[in-house]
Amino acid sequence: MVSKTHSATLMGIGAQIVNIEVDIGEGLPAFEMVGLLSSEVREARERVKTALRNSGFFLPPGRVTVSLSPADIRKEGSGFDLAIAVGILVSLGLIEEKKIDNVLFIGELGLDGEIRKVNGVLNMAIAARKNGFKSIVVPKANVKESCIVEGIRVITFADIAELIVAFDNEIEYEDEIDISKLIDEENDEMSDYDFANVYGQKLAKRAIEIAVSGMHNIMLIGAPGCGKSLMARCMASIMPKLSPMEALEITGIHSMSGFLNDNEIILKRPFRSPHYTSTVTSLVGGGKNPRPGEISLSHGGILYLDEFPEFPRKNLETLRQPMEDGKITISRAYGNFSFPADFMLVASMNPCPCGFYPDRSKCKCSDFQINRYLSKLSGPMYDRIDICINVENSKIEELEKHSDRDNSGKEESSKMIRERVERVRKIQQIRFRKENIIFNSQMNSIQVDKYANVSADAKKLLGMYFEKKKMSVRSYYKIIKVARTISDIDLKEEVDKESIAEAIGLRKVENIIE
Amino acid sequence: MDEKIYWIWLSGIDDMWSKKMEVLFDYFTCASEIYEANENTLLSIVDDYEKAGKKGMFNEKDVKNILDKNKSRRTLEKNIRIMEKENIKITYKDSSDFPSRLKYLNIPVFALYYSGELPSGKNVAVIGARGCTDYGKKYAKIVGENLSKGNINVISGMARGIDTHGMLGALKAGGKVYGVLGCGVNICYPAENMEMYEALKKRGGIISEFPPDSKPLAWHFPLRNRIISGLSDCICVIEARKKSGSLITVAYALGEGKEVFALPGRVDDALSVGCNELIRDGANIVFDGREIVFSLTGNEIKKVEKDIFKEMNLDDEQKKILGILTSRPQSIEEISRKSNIEITHIRSVLLGLDMLDLIAEVAKDYYVLN
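Predicted, not measured: the structure shown is a model, and the values here were computed from it.

### Structural notes on the overall build of chain B
Broken down by element type, chain B carries 17 helices and 12 strands. Referenced to the eigenvectors of the C-alpha coordinate spread, the extents of chain B come out at roughly 85 × 45 × 40 Å. Across chain B, contacts joining residues at least 24 apart in sequence account for 71% of those joining residues at least 6 apart.

### Some words on the overall build of chain A
Looking only at helices and strands, chain A features 21 helices and 18 strands. Taking the principal axes of its C-alpha atoms as reference, chain A extends roughly 90 × 50 × 50 Å. Counting the 514 residues in chain A, one finds 47% classified as buried.

### A word on the sheet that holds strand β12 (residues 366-369) of chain B
Paired through their backbone hydrogen bonds, the strands of a sheet run either parallel or antiparallel. Residues and elements named next belong to chain B. Spatially, the 3 strands line up as an open sheet ordered β10-β12-β11, and their pairing is antiparallel. The open sheet has two edge strands, β10 (330-331) and β11 (359-363), and neither has a second partner. Relative to β12, β10 runs antiparallel, the two sharing 2 bridges. Looking at β12, one finds that Gln330 is bridged to Tyr367.

### Some thoughts on the nonpolar core
Across soluble globular proteins, nonpolar side chains show a tendency to be buried alongside one another. The biggest cluster of nonpolar side chains holds 161 residues, and the ones touching the most others in it are A:Ala85, A:Ile106 and A:Ile136. Residues contacting A:Ala85, with those up to four places away along its chain left out, are A:Val48, A:Ala51, A:Leu52, A:Leu109 and A:Ile160. With 77 residues, the next largest nonpolar core counts B:Leu102, B:Ala111, B:Ala129 and B:Val154 among its residues.

### Points about the pairing of strand β10 (residues 218-222) of chain A
By the criterion of burial, β10(A) is predominantly enclosed, with 5 of the 5 residues buried. What you see with β10(A) is no split at all: A:Ile218, A:Leu220 and A:Gly222 on one side and A:Met219 and A:Ile221 on the other are buried throughout.

### Points about the confidence of the model for chain B
Detailed conclusions should not be drawn from predicted coordinates in areas where pLDDT is low. Taken as a whole, chain B shows an average pLDDT of 90; of its residues, 98% reach a score of 70 or greater. This prediction of the complex comes with two scores: 0.74 for pTM and 0.81 for ipTM.

### Quick word on the environment of A:Lys410
Residues and elements named next belong to chain A. The residue Lys410 is located in the loop between α16 (396-403) and α17 (414-431) in this model. By C-beta crowding, Lys410 is classed as exposed, having 11 other C-beta atoms within 10 Å. Sequence spacing of Lys410 and Asn350 is 60 residues, and the spatial spacing of their C-alpha atoms is 29 Å.

### What about the sheet that holds strand β8 (residues 259-262) of chain B?
Residues and elements named next belong to chain B. Taken in spatial order, the 9 strands line up as β1-β2-β6-β5-β4-β3-β7-β8-β9 in an open sheet, and their pairing is mixed. In this open sheet, the two strands that pair with only one neighbour each are β1 (89-92) and β9 (284-285). Judged from the 3 bridges that link them, strand β3 (residues 123-127) and strand β4 (residues 153-156) form a sheet pairing that is parallel. Within β4, the position partnered with Asn123 by the bridge is Asn153. Lying over the sheet, helix α9 (residues 194-202) contacts β2 (111-116), β5 (177-180) and β6 (204-208), oriented at roughly 105 degrees with respect to β6. Packing of helix α10 (residues 220-231) onto the sheet brings it into contact with β3, β4, β5 and β7 (234-237), and relative to β3 it is tilted by some 140 degrees.

### Here we look at the interface of chain A and chain B
At the interface, 29 residues of chain A touch 28 residues of chain B. The set of elements that each furnish at least two residues to the side of chain A that touches chain B consists of α8 (202-214), α15 (367-375), β18 (387-391), α19 (456-469) and α21 (497-507) of chain A. Element by element, the count of residues in the side of chain A that touches chain B is highest for α21(A), at 6 residues.

### Things to note about the environment of B:Lys302
All names here are of chain B. The topology assignment puts Lys302 in the loop between α13 (290-297) and α14 (308-312). Note on Lys302: 7 C-beta atoms within 10 Å, which makes it exposed. Taking the C-alpha atoms as reference points, Lys302 and Asn146, 156 residues apart in sequence, are found 9.7 Å from one another.

### Comments concerning the packing of helix α9 (residues 228-238) of chain A against α17(A)
All names here are of chain A. It is the contact of α9 with α17, at a shortest axis distance of 8 Å, that shows an interaxial angle of 60 degrees. Judged on the interaxial angle alone, α17 and α9 are oblique. Contacts from Cys234, Ser237 and Ile238 in α9 reach Ser414, Ile417, Arg418 and Val421 in α17. Considered class by class, the residues forming the contact of α9 with α17 number 4 nonpolar, 2 polar and 1 charged.

### Section: the domain arrangement of chain A
Residue and element names in this part refer to chain A. With domains assigned, chain A is organised as domain 1 (2-168), domain 2 (184-431) and domain 3 (443-514). In this structure, domain 2 and domain 3 have C-alpha centres spaced 23 Å apart. Domain 2 puts 21 residues into the contact, and the matching count from domain 3 is 15 residues. Looking at the side of domain 2 that touches domain 3, the elements that each hand over two or more residues are α8, α15, β18 and α17. Of the residues in the side of domain 2 that touches domain 3, the class split is 10 nonpolar, 6 polar and 5 charged.

### Details of α8(A)
All names here are of chain A. For α8, which comprises 13 residues, the first-to-last C-alpha distance of 19 Å matches the rise-based estimate of 18 Å (1.5 Å per residue) to within 8%. Burial analysis of α8 places 11 of its 13 residues in the buried class, the great majority of the element. All buried positions along α8 are accounted for by Leu203, Ala204, Lys205, Ala207, Ile208, Glu209, Ile210, Ala211, Val212, Ser213 and Gly214. One or two steps after α8, the chain reaches Met215, where phi turns positive at roughly 55 degrees.

### As for the domain arrangement of chain B
Along its sequence, chain B is organised into domain 1 (3-86), domain 2 (123-297) and domain 3 (308-369). The gap between the C-alpha centroids of domain 1 of chain B and domain 3 of chain B is 62 Å.

### Some thoughts on the environment of A:Asp496
All names here are of chain A. Among the structural elements, Asp496 can be located in the loop between α20 (473-489) and α21. On the basis of neighbour count, Asp496 is assigned to the buried category, with 21 C-beta atoms found within 10 Å. Separated by 38 residues in the primary sequence, Asp496 and Ala458 place their C-alpha atoms 5.3 Å from one another. In this view, Asp496 contacts Ser455, Ala458 and Ser487; residues no more than four positions away in its chain are not counted.

### With respect to the packing of α19(A) against α21(A)
Residues and elements named next belong to chain A. Viewed as axis vectors pointing N to C, α19 and α21 meet at an angle of 30 degrees, and their least axial separation amounts to 8 Å. Regarding the angle of α19 to α21, the classification is roughly parallel. As for how α19 packs across α21, the hand of that crossing is right-handed. For the pair α19 and α21, contact is made by Asp457, Ala458, Leu461, Leu462 and Tyr465 and by Lys497, Ile500, Ala501 and Ile504, respectively. Among the residues forming the contact of α19 with α21, the class breakdown is 7 nonpolar, no polar and 2 charged.

### Things to note about the pairing of β5(B)
All names here are of chain B. Side-chain alternation along β5 places Val177 and Gly179 on one buried face and Tyr178 and Val180 on a second face that is also buried. Bridge count for β4 against β5 is 3 bridges, and the pairing is parallel. Across the sheet, Val154 pairs through a bridge with Val177, a residue of β5. In the classification by handedness, the crossover that spans β4, the intervening helix α8 (residues 162-172) and the parallel β5 is right-handed. For β5 and β6, the ladder comprises 4 bridges, and the chain directions are parallel. By the bridge assignment for β6, Val177 is matched with Gly204. As a crossover connection, the stretch from β5 through α9 into β6 is right-handed.

### A word on unusual backbone geometry
With an omega of 5 degrees, the peptide bond running from A:Ser69 to A:Pro70 counts as cis. Following A:Tyr357, the chain continues into A:Pro358 via a peptide bond in cis, with omega recorded as 5 degrees. One can find A:Pro358 in the loop between β17 (344-349) and α15. Here A:Lys470, not a glycine, exhibits a phi torsion of approximately 50 degrees, which is positive. Mapping A:Lys470 onto the fold places it in the loop between α19 and α20. The residue B:Asn340 is not glycine, and still its phi comes out positive at about 60 degrees. Within the secondary structure, B:Asn340 is located in the loop between α16 (332-339) and α17 (343-355).

Conventions adopted
- Residues numbered from 1 in each chain as written.
- Chains lettered and ligands numbered in written order.
- Predicted model: local features only at pLDDT ≥ 70, side-chain atom pairs only at ≥ 80, totals over all residues.
- Helix = DSSP H or I, 4+ residues; strand = E, 2+ residues; numbered from the N terminus.
- Contact = placed C-beta atoms within 7 Å.
- Buried ≥ 20, exposed ≤ 12 C-beta atoms within 10 Å, placed from the backbone.
- Pairing = 2+ DSSP bridges.
- Core = buried A, V, L, I, M, F, W, Y, C linked by C-beta atoms within 7 Å.
- pLDDT = per-residue confidence, 0-100.
- Axes fitted to C-alpha atoms, helices over the stretch in contact; angles between N-to-C directions.
- Parallel < 35°, antiparallel > 145°, perpendicular 65-115°, else oblique.
- Nonpolar A, V, L, I, M, F, W, Y, C, P; charged D, E, K, R; others polar.
- Domains from an automatic or database assignment.
- Expected span 1.5 Å × (residues − 1).
- Left-handed = near helix turned anticlockwise from the far one by under 90°.
- Right-handed = clockwise from strand over helix to strand, strands pointing away.

Okay, here's the thing in structure tokens:
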């Protein structure tokens with residue numbers, strides 16, 4: 001008898017439903033699998049046979065044929081095991097065929113019949129809902145991510161034996177999870193990476209607030225150990241809370257990359273910090289069957305590139321297009337795959353090779369060495385950055401003030417800063433309601449002229465500076481964009497002189513450009 | 001052949017340098033005599049030399065190098081070619097234009113290659129650390145400028161840092177500047193000083209003891225320093241660490257009984273320790289170079305005093321910041337802390353001052369007084 005079950009395989013960020021047909025006929029005992037299978041799918045044969053036997057079901061001697069369709073897409077992963085096993089059980093008449101109508105099966109089998117974790121279950125659950133499935137069977141470790149998808153019922157079993165019993169009797173469904181409540185709970189709790197734990201650093205905090213408010217990419221320059229990485233980490237905590245849609249999307253990306261722990265849901269904005277030896281593929285994504293890279297894993301959050309000048313220029317060059325589009329498209333012979341990649345870039349570097357310039361009591365680098373180090377950053381790389389600041393070591397008095405456990409020295413918490421950032425984001429939302437952008441940093445030159453609203457004397461100041469420092473036109477517009485955000489933070493309708501001056505200070509790097 | 005040619009031949013011989021020449025000129029009077037000398041004469045010098053117990057400096061190998069005329073002629077021809085092409089001249093101990101005091105140094109100088117001209121009149125060496133601070137750069141420039149205004153030539157090693165900035169100051173004021181190199185005159189070292197190297201050929205000179213195409217080897221530099229001190233009437237150290245190469249030059253100068261000037265710095269500043277110790281040990285203090293002019297020529301240069309506050313119509317905040325800034329780089333946070341100006345506002349005040357060229361940003365978010 002031919003049985004039909006369903007599973008899914010990942011295709012880019014989405015998933016494709018796979019029909020699995022199982023036929024047990026007469027003939028010499030054999031187990032055949034067809035349908036453009038990768039070797040891990042092919043190996044399902046041994047896993048399924050053994051798992052069934054160890055769960056107490058012996059395959060009758062005969063010819064078992066398993067076909068996975070559509071036959072023209074390559075099937076990867078170990079998530080088909082469960083569907084194949086169920087197909088066999090149906091063929092054997094151990095499960096009623098009508099009970100598995102509209103059910104999607106996902107799971108890898110252990111030899112003992114245990115149903116094990118699979119990557120990308122969330123993406124498959126979404127695809128299942130889209131394709132009209134009513135319920136989905138997932139491994140225990142993937143339950144939570146499946147439960148946040150609305151409109152599909154989730155079933156889970158520890159092993160095959162449990163599954164058989166349940167399908168014979170009554171099926172229990174898991175409760176749906178209200179993700180927005182979880183997000184609120186998670187984000188209201190103070191984490192280790194909270195600005196309340198960053199003492200002093202007023203200058204840096206101000207610049208970071210500006211950067212996050214307008215989604216301006218930022219560069220932190222500072223001596224080793226001054227807190228650049230800590231602050232970069234904290235930046236994610238002042239970004240607005242994830243919306244349920246975003247959380248779903250981000251969890252999906254992490255799920256398909258295998259970065260989720262058992263029953264984890266991403267409720268906070270991601271922070272990714274790839275090392276400068278990372279390859280292009282690991283940064284932007286790729287592979288035969290494309291997988292998302294660091295830029296997609298940091299979607300909706302922060303991509304932190306520590307030791308920025310050490311990154312090979314070629315690798316940074318590949319970031320340019322995704323940064324403009326907010327997504328990365330990878331082309332393969334059998335199709336194009338698009339992954340979201342809308343992140344905020346935070347870069348950091350030392351001021352000189354040893355890291356202590358201009359403190360000449362520690363820095364022994366020659367001007368020549370310093371210039372050579374800084375020149376690695378020149379031109380095209382610095383174009384990606386809107387704001388550049390120096391991070392100084394916190395003063396010892398600041399640190400002592402905090403160790404006193406006296407409330408007087410308490411720093412503003414991330415939550416308080418986040419509320420201001422959310423306010424500025426709202427201003428931008430209203431400003432750009434007729435455009436297809438959401439942040440000040442995304443304005444093109446025409447939009448700058450239309451929306452920036454720069455006062456006359458501010459324009460004059462910028463013009464003077466432009467002439468004096470022989471600035472590029474790109475920098476000119478970048479300064480106005482940052483100034484617009486500063487004015488938004490300070491609740492000013494017009495971009496005034498003060499905002500422009502601060503934006504110039506945040507942008508310029510003498511010795512590097514301009 | 002012209003005697004000059006013999007000198008170019010002599011200095012181009014492998015391993016030949018001043019110490020060896022010193023031995024040879026105990027026996028010979030001029031370079032042509034050495035060229036004509038036969039093996040026996042030369043070997044007897046080695047003998048004599050070793051009998052006197054001074055072993056090693058002049059030996060059989062050197063005799064072989066001197067006698068290997070084929071090889072040394074090739075070097076000679078190459079050097080003459082370069083000298084003609086690059087307009088490099090040579091002067092030696094018997095020439096009328098040879099700076100005579102170089103003959104009486106501890107390790108005498110026998111011949112000099114130069115591009116441009118040789119220094120005449122009063123000369124001052126402005127020297128110091130290569131990795132210097134902005135304070136050092138600023139004062140090297142000022143001292144160089146004032147020396148030029150007092151018609152005094154500036155000499156240094158054309159190294160990075162203080163040397164370069166002292167020369168820049170002097171060039172800016174229109175004075176003559178001489179660079180003594182540790183490599184061949186036709187090589188610009190360090191390469192990024194190309195512009196200045198070219199300027200020096202026209203507005204002073206490039207001088208070296210080493211034949212054209214010599215590489216800047218480490219052992220050349222202490223030797224080069226003795227020429228710097230030898231050519232100078234006094235030495236001015238702008239910045240030096242506790243153990244600095246500049247102090248070698250100072251030691252040479254003291255040995256020759258020359259005056260040493262040093263720019264004072266903060267006591268705890270690593271780059272001023274060398275200078276401060278010199279002052280403690282009796283060196284003269286230099287503030288801006290006018291003291292040196294006075295000490296050498298008796299002339300006084302007037303200092304141009306400007307009241308920028310009045311002239312530029314500065315407001316209170318700007319004045320406050322000018323009062324806080326020094327030549328030591330200070331971060332914006334530090335300036336904000338000291339001036340009590342809000343972090344959100346201070347960039348605007350600083351930009352105003354920057355536009356007036358009163359302050360400068362030396363590294364990201366670090367400012368100094370201009």
